[in-house]
Amino acid sequence: MSLPDVLAKVESGAEKSLELLKEYCRFPTISAHKRAQPETAAFVRRLLGESGFEVREYPTEGGPNVVFGQMIVNEKKPTLLMYQHYDVQPVDPLDEWKRGPFDPVVEDGKFYARGCADTKGNLIAQLLAVQAWRQAEGQPPINLKFVVEGEEEVGSPHFRPFVEANKEMLRADGATIEGGDHLHDGTPKIELGCKGTLYVDMICRTAKVDQHSMYAPIAPNPSWRLIHALSTLRNKNGKITIPGWYEDARRPSARELRYLKASGFKAQSLKEFWGATELLGGDNDYEILRRLIYWPTCTICGFISGYTGEGTKTVNPAVARAKVDFRLVPNMKVEKQLQKLKEHMKAKGFEDIQLEYADSLEASAISMNARVVKAAVKGSVDAIGREPEIWPWSPGASANGFFNEIVGVPSISGPGVSYDGSNYHAPNENIRLSDFVMGAKHMAAMMGRF
């Protein structure tokens, strides 16, 4: 094995791979709108086939196709599985984009497009690592599998049945989920799991039709009622006030806290990227990071009621709706937490407010001693000369639980191509070109260590 040759092939192939990423990001694969899913799945199948994988598409009942590819170099060698998704988030608010979200642009050392960070850039970087091994050594040093779905951004409703039906096909000695990111200074980050998510729509209706606002002294207002209900879920500091909400939440170990205290995380960088006036929790980097990782959350993602157009309309609305996202830490289970939410709403006298389950993903995390973790750490040292940041799990939700708990494959997030200013799920999503190359090198070196 000649890793320097492999890493050199990554560098020389980066420009061509970025052109492929442009092609990939032009597909407006918004799963919430069911857009461009068949053609994007076909594109992914083509990419894997051209990279030497045996590949096929698997239909799902009522959902988009799952693409699966494998490259078995030696049955006695270990197998690494890489999970990705080809769908992206909606682009709203469109007027805040400085460039077309599906018209990729390279500018000032960055690549801009919806999906380039989450997570189309990671697939292209992983294939660049595979191609570098094939060019330098004829084949990768391990067996590889890819599974790429098209609904992660809406909670993977059809992917779980696919996983349950294909556990043997998906078996591996370790897995990477999407991709990790980099700190502002370029330090790569890996995460040993993810938070879960419970997403609900809350609907309050107080009349059959809207009324003139002159009737406000006597007409019930669903917006105010929903606001009052929402205010019972969380206090001003971000602490969830639903009884028993935290009882199952996994607590940090002493070893995990030591890693966090040594972290290079800088809260000020996030504050500047967002243009925020303050961060909840103060200014201490360690305390902010601990809060980010270990706190369950309750977020109002959207609120709609009454007239929201230009000018004025004096109306007392008949209905109000809120979209609410709960993030759960490992050991908290979606079904149990949903029941606690329902009991809380009833106890507070808001049983008239309708709760509609939207989607969910279970939280999950693995041990630092897992083979896939050790390979990612050693690969970082080999590729860039330093260990990565290690977080016990991601503040976001992903498919770790599918592989950890259903298939029995220990999974991590990372290596990856994004950074802490990539604007996931927001306008002007971007990656730094240096992180793209470094992420591909880290992936190639991890394959050599697996």
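Position numbers for residues start from 1 in each chain and track the written sequence from start to end. Totals for whole chains, interfaces and linings use every residue, but because this is a predicted model, local features are given only for residues with pLDDT of at least 70 and side-chain atom pairs only at 80 or more, for both listing and counting. Note that the side-chain values use all heavy atoms of the structure and ignore hydrogens as well as water.

## A closer look at the overall build of the protein
To be explicit about the condition: Secondary structure elements are taken from DSSP: a helix is a run of H or I of four residues or more, a strand is a run of E of two residues or more, and numbering for both begins at the N terminus. Note on method: radius of gyration uses C-alpha positions; expected globular size equals 2.2 Å times residues raised to 0.38. The rule is simple: take the accessible area with a 1.4 Å probe, protein chains only, and divide by the maximum for that residue type; under 20% is buried, over 50% is exposed, in between is partly exposed. A contact between two residues is defined here by any heavy atoms of the two lying within 4.5 Å. All accessibility values rest on the Shrake-Rupley procedure with a 1.4 Å probe; residue burial counts only the protein chains present in the view. In summary, the charge assignment counts Lys and Arg as positive and Asp and Glu as negative, without counting His or the chain termini. Where a charge lies is defined by one atom per residue type, namely NZ (Lys), CZ (Arg), CG (Asp) and CD (Glu).
A count of helices and strands for the protein gives 13 helices and 21 strands. Relative to its length of 450 residues, the protein is compact, with a C-alpha radius of gyration of 23 Å against a globular reference of 22 Å. Expressed along its principal axes, the backbone C-alpha trace of the protein runs to roughly 80 × 45 × 45 Å. Counting only residues that meet the buried cut, the protein has 55% of its 450 residues in that class. Taking all contacts inside the protein whose residues are at least 6 apart in sequence as the whole, residues at least 24 apart take part in 79%. A total accessible area of about 19,800 Å² is found for the protein, and carbon and sulfur atoms account for 49% of it. Here the protein holds 55 positive side-chain charges and 57 negative ones, and the gap between their average locations is 4 Å.

## Looking at helix 11 (residues 371-384)
Operational definition: Residue count minus one, scaled by 1.5 Å, sets the expected span of a helix.
The end-to-end C-alpha distance of helix 11 is 20 Å, a good match for the 20 Å that 14 residues give at a rise of 1.5 Å each. Taken residue by residue, helix 11 has Val372, Val373, Ala375, Ala376, Val377, Gly379, Ser380 and Ala383 as its buried positions.

## Notes on the packing of aromatic side chains
Each aromatic ring pair is summarised here by two numbers: the centre-to-centre distance and the angle between the ring planes. Threshold: Pairing of aromatic rings covers Phe, Tyr and the six-membered ring of Trp, with a centre-to-centre limit of 6.5 Å; geometry is then stacked below 30 degrees between planes, edge-to-face above 60, and tilted otherwise.
Per the stated rule, a full pass over the model turns up 13 aromatic pairs. Between phenylalanine 27 and phenylalanine 43, the aromatic rings sit 5.2 Å apart at their centres with planes inclined by 50°, giving tilted as the arrangement. With phenylalanine 27 in the loop between helix 1 (3-25) and helix 2 (37-50) and phenylalanine 43 in helix 2, the pair connects residues that are 16 residues apart, well separated along the chain. Residue phenylalanine 27 is classed as buried on the basis of its relative accessible area, which comes to 18%. A residue is classified by how much of its surface remains accessible, and phenylalanine 43, at 4% relative accessible area, is buried. A ring pair is formed by phenylalanine 273 and tyrosine 419, whose centres lie 5.8 Å apart and whose planes are at 90°; its orientation type is edge-to-face.

## Focus: the packing of helix 1 against helix 3 (residues 116-137)
Any two packed helices are characterised by how steeply their axes cross, that is the angle between the axes, and by the distance between the axes. The criterion, for reference: Structural elements are reduced to axes, namely lines fitted to C-alpha atoms, with helices fitted over the stretch in contact, and the angle between N-to-C directions of any two is expressed from 0 to 180 degrees. Our angle categories are set so that under 35 degrees counts as roughly parallel, over 145 as roughly antiparallel, 65 to 115 as roughly perpendicular, and the remainder as oblique. A clockwise turn of the near helix away from the far one marks a right-handed crossing, whereas an anticlockwise turn of less than a right angle marks a left-handed crossing. We call Asp, Glu, Lys and Arg charged. Ala, Val, Leu, Ile, Met, Phe, Trp, Tyr, Cys and Pro are nonpolar, and the rest, Gly among them, are polar.
Running from amino to carboxyl end, helix 1 crosses helix 3 at an angle of 140°, the nearest separation of the two axes being 7 Å. When the axis of helix 1 is compared with that of helix 3, the two are oblique. At the point where helix 1 passes helix 3, the crossing takes the right-handed sense. Here Leu3, Asp5, Val6, Lys9, Val10, Gly13, Ala14, Ser17, Leu20, Leu21, Tyr24 and Cys25 of helix 1 lie close against helix 3, whose contacting residues are Cys116, Lys120, Gly121, Leu123, Ile124, Leu128, Gln131, Ala132, Trp133, Gln135 and Ala136. Each residue belonging to the contact of helix 1 with helix 3 can be placed in one class, and the counts come to 15 nonpolar, five polar and three charged.

## Here we look at the sheet that holds strand 4 (residues 105-107)
Keep this limit in mind: DSSP bridges decide pairing: two strands pair if at least two such bridges lie between them.
One open sheet accounts for three strands, arranged 4-5-21; its pairing is antiparallel. Two strands lie at the open edges of the sheet, namely strand 4 and strand 21 (430-432), each paired on one side alone. Averaged over neighbouring strand pairs, the angle between their axes works out to 20° when direction is ignored. Of the strand pairs in this sheet, strand 5 (residues 110-112) and strand 21 are connected by three bridges, and their pairing is antiparallel. Residue pairing for strand 21: phenylalanine 111 is matched across the bridge by isoleucine 431.

## A closer look at the sheet that holds strand 19 (residues 411-412)
Spatially, six strands are ordered 1-2-6-3-7-19 in an open sheet, and the strand pairing comes out mixed. Both edges of this open sheet fall to strand 1 (54-60) and strand 19, since each of them pairs with a single strand only. Relative to strand 6 (residues 143-149), strand 2 (residues 63-71) runs antiparallel, the two sharing five bridges. If you follow glycine 69 over to strand 6, its bridge partner there is phenylalanine 146. On the sheet, helix 3 packs against strand 2, strand 3 (79-85), strand 6 and strand 7 (174-177) and is oriented at approximately 150° with respect to strand 3.

## Brief notes about the side chain of asparagine 143
The line we're drawing: Definition of a polar contact: a pair of N or O atoms within 3.5 Å, with one able to donate and the other able to accept a hydrogen when the atoms are protein atoms, and with sequence-neighbouring residues admitted only if both atoms are side-chain atoms.
Here asparagine 143 is to be found in strand 6. Accessibility expressed as a relative area gives 1% for asparagine 143, which makes it buried. From its side chain, asparagine 143 meets the backbone nitrogen of valine 73 in a polar contact 2.6 Å long. A distance of 3.5 Å separates the side chain of asparagine 143 from the side chain of threonine 79, its partner in a polar contact.

## Regarding the layout of surface pockets
Counted only if it meets this: In this analysis a 1.4 Å probe is tested at points of a 1 Å grid over the protein atoms alone, and where it fits but cannot get out there is a cavity; an open set with protein on both sides within 12 Å along at least five of seven lines is a pocket; lining residues have an atom within 4 Å of a point. Grid points are joined across faces, edges and corners, and a volume is the space filled by probe spheres set on the points.
Its boundaries defined by the atoms lining it, the second largest pocket holds a volume of some 240 Å³. Considering the residues around the second largest pocket, the lining is formed by Lys9, Gly13, Lys16, Ser17, Leu20, Leu47, Glu50, Ser51, Leu128, Gln131, Ala132 and Gln135. For the lining of the second largest pocket, the secondary-structure elements that each account for two or more residues are helix 1, helix 2 and helix 3. No other element matches the five residues that helix 1 contributes to the lining of the second largest pocket. Across the lining of the second largest pocket, the residue classes tally to four nonpolar, five polar and three charged.

## What to know about the nonpolar core
Threshold: Nine residue types can take part in a nonpolar core, namely buried Ala, Val, Leu, Ile, Met, Phe, Trp, Tyr and Cys, and a core is a set of them joined through side-chain atoms within 4.5 Å.
Counting 62 residues, the largest nonpolar core has Val372, Val373, Phe436 and Met447 as the members making the most contacts within it. For this core, the element with the most residues is helix 3, which contributes eleven residues. For valine 373, the contacting residues outside a window of four places in its chain are Ile190, Leu192, Ile366, Ser367, Met368 and Ile412. Counting 40 residues, the second-largest nonpolar core is a separate cluster that includes Leu226, Tyr246, Ala267 and Trp391.

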